[in-house]
Amino acid sequence: SSFGGGARTMSWRGKLQLQKLTVAFCKSGGSSSGLRSFLESGQLDAFRTRNPLVEVSEHHRPGRHPCISAQYAKGGERVVDVKNKSPEEIERVVGTLRRSVGRKVQKLNRQVNTRFPSVQGTWTVFDSEKLREGFRGS
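On a predicted model such as this, the values are computed, not experimentally measured, just so you know.

A. Representation of the overall build of the protein. Scanning the protein from N- to C-terminus turns up 4 helices and 6 strands. Order of helices (α) and strands (β) in the protein, N terminus to C terminus: β-β-β-α-α-β-β-β-α-α. Expressed as a percentage of the 138 residues in the protein, the buried residues total 32%. A sequence separation of at least 24 residues applies to 69% of the contacts in the protein between residues at least 6 apart.

The structure is reproduced here in structure tokens:
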């Protein structure tokens, strides 16, 4: 299974970030069939036993598509739509939510600024050509 303890645990300073996992589904809807079979197969119960620090709850929502919501220690929340997904795909979603920190990924596209520029100077495309010419000349 893709969730549980082990080395692939996402923690922040040693503390597991996932606090609560809520599974919401319809008992008769067709889009919830994969989630219902996930629950009936005991995979959610296995998740509960492997992760005793995570509060897991099931919520019946009649006439609504299924979703899994995760609440994290630093106040973040993620809601994942699992409409028409197979139990294997739902297991991967639960494992991903468990390993997440709960905040959005930030793109770091800043230029590096330094107070101490390189002694060697800035690299250019022509530097490699100068090196090749230097080797030929010797």
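B. Structural view of a nonpolar patch on the surface. Among the surface-exposed residues, Trp 123, Val 125 and Phe 126 lie close enough to one another that they form a single nonpolar patch of about 400 Å² accessible area. Along the polypeptide, Val 125 turns up in the loop between helix H3 (87-99) and helix H4 (126-137).

C. Focus on unusual backbone geometry. For Asn 84, which is not glycine, the phi torsion reads 60 degrees and is therefore positive. Of the residues examined, Asn 84 reaches a relative accessible area of 58% and is grouped as exposed.

D. Representation of H3. Taking 1.5 Å as the rise per residue, H3 with 13 residues should run 18 Å; its terminal C-alpha atoms sit 18 Å apart, in good agreement. Taken as a whole, H3 has its buried residues at Pro 87, Ile 90, Glu 91, Val 93, Val 94, Gly 95, Leu 97 and Arg 98. Turning to H3, the residues buried within the fold contact strand S2 (15-16), strand S3 (18-25), helix H1 (33-40), helix H2 (43-50), strand S5 (67-72) and strand S6 (77-81).

E. Spatial organisation of the environment of Tyr 72. Relative to the helices and strands, Tyr 72 is located in strand S5. Judged by its relative accessible area of 5%, Tyr 72 is buried. For the pair Tyr 72 and Gln 17, spaced 55 residues apart in the sequence, the C-alpha separation amounts to 5.2 Å. Each residue touching Tyr 72, except ones within four places of it in the same chain, is listed here: Gln 17, Leu 18, Gln 19, Glu 77, Arg 78, Leu 97, Ser 100, Val 101 and Gly 102. Among the polar contacts listed, one links the side chain of Tyr 72 to the backbone oxygen of Leu 97, at a separation of 2.7 Å.

F. Structural context of the side chain of Ser 31. For Ser 31, the location among the structural elements is in the loop between S3 and H1. Judged by relative accessible area, Ser 31 falls into the buried class, the value being 13%. Each residue touching Ser 31, except ones within four places of it in the same chain, is listed here: His 65, Pro 66, Val 82, Lys 83 and Asn 84.

G. Here's a closer look at the sheet that holds S6. The sheet built from 4 strands is open, its strands ordered S4-S3-S5-S6 with mixed pairing. Taken across any chain shown, the strands that pair with only one partner, and hence form the sheet edges, are strand S4 (55-60) and S6. Neighbour to neighbour, the strand axes of the sheet diverge by 15 degrees on average, direction disregarded. Where S3 lies against S5, 6 bridges are found, and the strand directions are antiparallel. Note that in S5 the partner of Lys 20 across the bridge is Gln 71. Along the sheet, H1 contacts S3 and S4; its crossing angle with S3, the most-contacted strand, is approximately 120 degrees. The strands touched by H3 within the sheet are S3, S5 and S6, with S5 carrying the most contacts at an inclination of about 15 degrees.

Rules used throughout
- The numbering scheme is per chain: residues are counted from 1 as the chain's sequence reads.
- Local features in this predicted model are restricted to residues of pLDDT 70 or higher, and side-chain atom pairs are both shown and tallied only at a pLDDT of 80 or more, whereas totals for entire chains, interfaces and linings draw on every residue.
- Note that water and hydrogens are dropped before the side-chain values are worked out from all heavy atoms of the structure.
- To qualify as a helix, a DSSP run of H or I must reach at least 4 residues; to qualify as a strand, a run of E must reach at least 2; elements of each kind are numbered from the N terminus.
- Here the term buried applies to any residue with accessible area under 20% of the maximum for its type, exposed to any over 50%, and partly exposed to those in between, with areas from a 1.4 Å probe on protein chains only.
- Contacts between residues were defined by any pair of non-hydrogen atoms, one from each residue, lying within 4.5 Å.
- Only residues whose relative accessible area exceeds 30% and that take part in no salt bridge are eligible for patches, with like-charged residues grouped when within 9 Å of each other and nonpolar side chains (Val, Leu, Ile, Met, Phe, Trp, Tyr) grouped when within 5 Å.
- Accessible surface area values rest on a Shrake-Rupley calculation with a 1.4 Å probe, where residue burial reflects the displayed protein chains alone.
- Throughout this description, the term salt bridge denotes a Lys or Arg side-chain nitrogen within 4 Å of a carboxyl oxygen of Asp or Glu.
- What a helix is expected to span follows from its residue count: subtract one and scale by 1.5 Å.
- In protein, a polar contact means a hydrogen-donor-capable atom and an acceptor-capable atom, both N or O and within 3.5 Å, with residues adjacent in sequence counting only if both atoms are side-chain atoms; elsewhere, any N or O pair within 3.5 Å suffices.
- Following DSSP output, two strands are said to pair if at least two bridges run between them.
- Where helices are involved, their axes are fitted lines through C-alpha atoms of the stretch in contact, as for all axes, and angles between N-to-C directions lie from 0 to 180°.

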